[in-house]
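Descriptive analysis of the structure
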Amino acid sequence: MKKETKLIQNILSDPLTGAISTPIYQTSTYVQEAPGVHKGFDYTRTNNPTRKILENLITNLEYGCASLAFSSGLASIDAILKLLKCGDEIVAVDDIYGGTFRVLNLYKKLGIHTKFVDTTNAEKTISAISDKTKLIWLESPTNPTLKISDIEYISKKSKNKNSTILVVVDNTFASPAIQNPLKLGSDIVVHSATKYLAGHSDVLAGLITVKNTDLYEKLKYIQNTTGGVLSPIDCWLTIRGSQTLYLRIKKQSQNAFKIASFLKKQNNKLDQLYYPGLSHHKNHFIAVKQQRYFGGIVSFSLKMDTIESAKKIVTSTKLFKLAESLGGTKSLICHPATMTHKSTPLEIRKNAGIQDSLIRLSMGIENADDLIEDIDQALKSL
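Predicted model only: the values in this text are computed from it and were never measured.

It is worth spelling out helix α3 (residues 73-81) at this point. Counted residue by residue, α3 has seven buried out of nine residues, so it is predominantly covered. Taken together, the buried positions of α3 are G73, A75, S76, I77, A79, I80 and L81.

Right under this line is the structure:
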C-alpha cells in the first residue's frame with residue numbers, strides 16, 4: 001500500500017462493535033480475572049487501548065519499532081533526557097526550540113551539559129563529540145530559521161566515532177509526511193503532535209518513536225514511573241486529526257512555497273528569507289535529498305531589524321492570526337523573539353540567527369492568494 005492508504009487502513013475498526021471510529025476508552029482501571037491476569041491493560045497510566053492505537057499508528061508512520069504517547073511534546077523531550085545521568089553531554093542544534101532550551105537548562109543544574117553547534121555543518125557537529133557525549137539532538141527543519149541538517153550523514157559519522165551515541169531528531173516541523181529520520185539512521189524521533197500530526201490546534205500531545213525494543217523498554221519505564229501520559233480523549237483527537245496529515249501537509253507546503261516566492265520579491269523591506277524550498281536557501285540540496293515536501297513554515301526578517309517593526313507586521317495581518325504554535329488548519333503568525341524564544345538568552349538567540357525582527361509564518365489550508373494579499377497589506381503598514 002502507498003503511504004496515504006496505509007495511514008488510513010492501519011486505523012482498524014473496533015473488533016468488539018465494528019465501530020469505524022476508534023473508541024475512547026475513558027477508564028482509569030480494568031477488571032482482572034486473577035491478580036496479574038488481564039487483557040493487556042491493568043491501569044491507564046501504564047497502558048490504555050486508545051493510546052495503544054495512536055502509538056501503533058505513529059510507529060507505522062515513522063517506520064519504527066515502537067512508540068509512546070505523552071501529555072505534550074516537552075513531556076516527550078523530558079523523558080528522553082531522563083535516559084542520561086550526571087556528567088553526560090549533549091550536542092544540540094543551536095537554533096533550538098525555546099521550550100527545549102528551557103528543559104536543557106534545567107538538566108544543566110543536574111550536571112548534564114549541552115554544547116550548541118550549527119548542525120548544518122556536519123563536520124563541525126561530529127568534531128563537537130567528546131567522550132562524554134551521549135546524545136546528538138537535531139531539529140530539521142529548525143524552529144524558526146528552518147536550518148536543515150544532514151540526518152543520514154550525522155547519524156552514520158557519529159556512530160563511527162562512538163557507537164553508543166543516540167541520535168535524536170525532533171521531527172515536529174517536518175512530520176512523517178515529509179521525512180522519516182529513523183530510515184535515515186537516527187535512533188529516536190520525537191514530535192510535538194500538537195502541531196502537524198493532530199493538526200487542528202485543539203490538543204496538546206507528544207510522541208516518541210524508537211528503533212529498537214531496548215530503547216522502548218527504557219522509555220516505557222520512565223513514562224510509567226513519571227506518569228506524563230496522553231489522556232484517552234487527546235489520543236482520540238490526535239488519531240482523528242492525523243488521518244488528514246498527507247492532505248494538509250501537501251496543501252500547507254504549496255501555500256508556503258507561494259508565500260515564499262512572493263516574499264522573495266520584497267527586497268526593499270526584507271532582510272532574510274528562510275524557506276528550504278527556495279534554491280537560495282543554504283541547505284536546499286539537503287532538503288531535496290531527505291524531504292518529500294519543503295514544509296508549511298516560512299520565516300523572514302526585516303531590514304528595519306527592530307522588535308517594534310516586527311510587532312507592527314504581526315499585529316496588522318487579518319487572516320494570519322497572532323498566536324503561539326503552528327501546524328494547524330488556520331494560518332498563524334508569530335514573533336519568536338518575544339514569544340516562542342523569549343526565554344532564550346539574547347546572545348544565544350542572535351548567534352542562532354533569530355533576529356529581533358524575525359517573523360514566523362505557519363501556513364494553514366486557506367487559499368494562497370488570500371494569504372499573499374494579507375501579508376502584502378501587512379508589509380505596507382511599515
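Now, onward.
Attention now goes to empty space enclosed by the protein. Taken as a whole, this structure holds three cavities of 30 Å³ or more when the rule is applied. Taken as a whole, the largest cavity encloses approximately 80 Å³ of empty space. What lines the largest cavity is K3, K6, L7, N10, N60, L61, Y63, P176, N180, Y246 and R292. Those elements that place two or more of their residues in the lining of the largest cavity are α1 (3-9) and α2 (49-61). Element by element, the count of residues in the lining of the largest cavity is highest for α1, at three residues. Considered class by class, the residues forming the lining of the largest cavity number five nonpolar, three polar and three charged. Approximately 40 Å³ is the volume found for the second largest cavity. Partitioned by chemical class, the residues of the lining of the second largest cavity number six nonpolar, one polar and three charged.

What follows is about the sheet that holds strand β3 (residues 113-117). Read across the sheet, seven strands follow the order β1-β7-β6-β5-β4-β2-β3 without closing on themselves; strand pairing throughout is mixed. Looking along the sheet, the strands with just one partner apiece sit at the ends: β1 (66-70) and β3. Going from strand to strand, the sheet's axes swing by 20° on average, the running direction of each strand aside. Of the pairings in the sheet, the one linking strand β5 (residues 166-170) to strand β6 (residues 188-192) comprises three bridges and is parallel in character. Across the sheet, V169 pairs through a bridge with V189, a residue of β6. Where α3 meets the sheet, its contacts fall on β1, β2 (89-93), β4 (133-139), β5, β6 and β7 (206-210), and the angle it forms with β6 comes to roughly 155°.

Interhelical geometry of α3 versus helix α4 (residues 98-108) gives an angle of 35° and a closest axis separation of 10 Å. Crossing handedness for the pair α3 and α4: right-handed. From α3, L74, I77, D78 and L81 reach across to α4, where they touch G99, T100, R102, V103, L104 and Y107.

Here we take up the packing of aromatic side chains. All told, the structure shown has two aromatic pairs when counted by the stated rule. Summarising the aromatic geometry, the rings of Y30 and F41 are spaced 5.7 Å apart at their centres and angled 35° between planes, so their arrangement reads as tilted. Separated by eleven residues along the polypeptide, Y30 in the loop between α1 and α2 and F41 in the loop between α1 and α2 bring together distant segments of the chain. Each member of the pair, Y30 as well as F41, carries the same accessibility label: buried.

An order of β8-β9-β12-β11-β10 is seen for the five strands of this open sheet, with the pairing classed as mixed. Lying at the two open borders of the sheet, with one neighbouring strand each, are β8 (270-274) and β10 (321-322). Where strand β11 (residues 332-334) meets strand β12 (residues 359-362), three bridges bridge the pair, whose relative direction is antiparallel. Bridging across to β12, C334 finds its partner in R360. On the sheet, helix α9 (residues 245-263) packs against β8, β9 (297-302) and β12 and is oriented at approximately 20° with respect to β9.

Residues S140 and P141 are joined by a peptide bond in cis, for which omega reads -5°. Within the secondary structure, P141 sits in the loop between β4 and α6 (151-161). Across the junction of N143 and P144, the peptide omega takes the value 15°, indicating a cis bond. Counting through the fold element by element, P144 comes out in the loop between β4 and α6. For L146, which is not a glycine, the phi torsion comes out positive at approximately 60°. Within the element layout of this structure, L146 appears in the loop between β4 and α6. The backbone phi angle of S175 is positive, close to 75°, even though this residue is not glycine. Within the element layout of this structure, S175 appears in the loop between β5 and β6.

Reading guide: rules and limits
Residues numbered from 1 in each chain as written. Predicted model: local features only at pLDDT ≥ 70, side-chain atom pairs only at ≥ 80, totals over all residues. Heavy atoms only, no water. Buried < 20%, exposed > 50% of the residue type's maximum accessible area, 1.4 Å probe, protein only. Helix = DSSP H or I, 4+ residues; strand = E, 2+ residues; numbered from the N terminus. 1 Å grid on protein atoms, 1.4 Å probe; cavity = no way out; pocket = protein on both sides within 12 Å on 5 of 7 lines; lining within 4 Å. Points joined across faces, edges and corners; volume = space filled by probe spheres on them. Nonpolar A, V, L, I, M, F, W, Y, C, P; charged D, E, K, R; others polar. Pairing = 2+ DSSP bridges. Axes fitted to C-alpha atoms, helices over the stretch in contact; angles between N-to-C directions. Contact = heavy atoms within 4.5 Å. Left-handed = near helix turned anticlockwise from the far one by under 90°. Phe/Tyr/Trp six-rings, centres within 6.5 Å; stacked < 30°, edge-to-face > 60°.

Without other data, these values stay purely geometric and don't point to any function.
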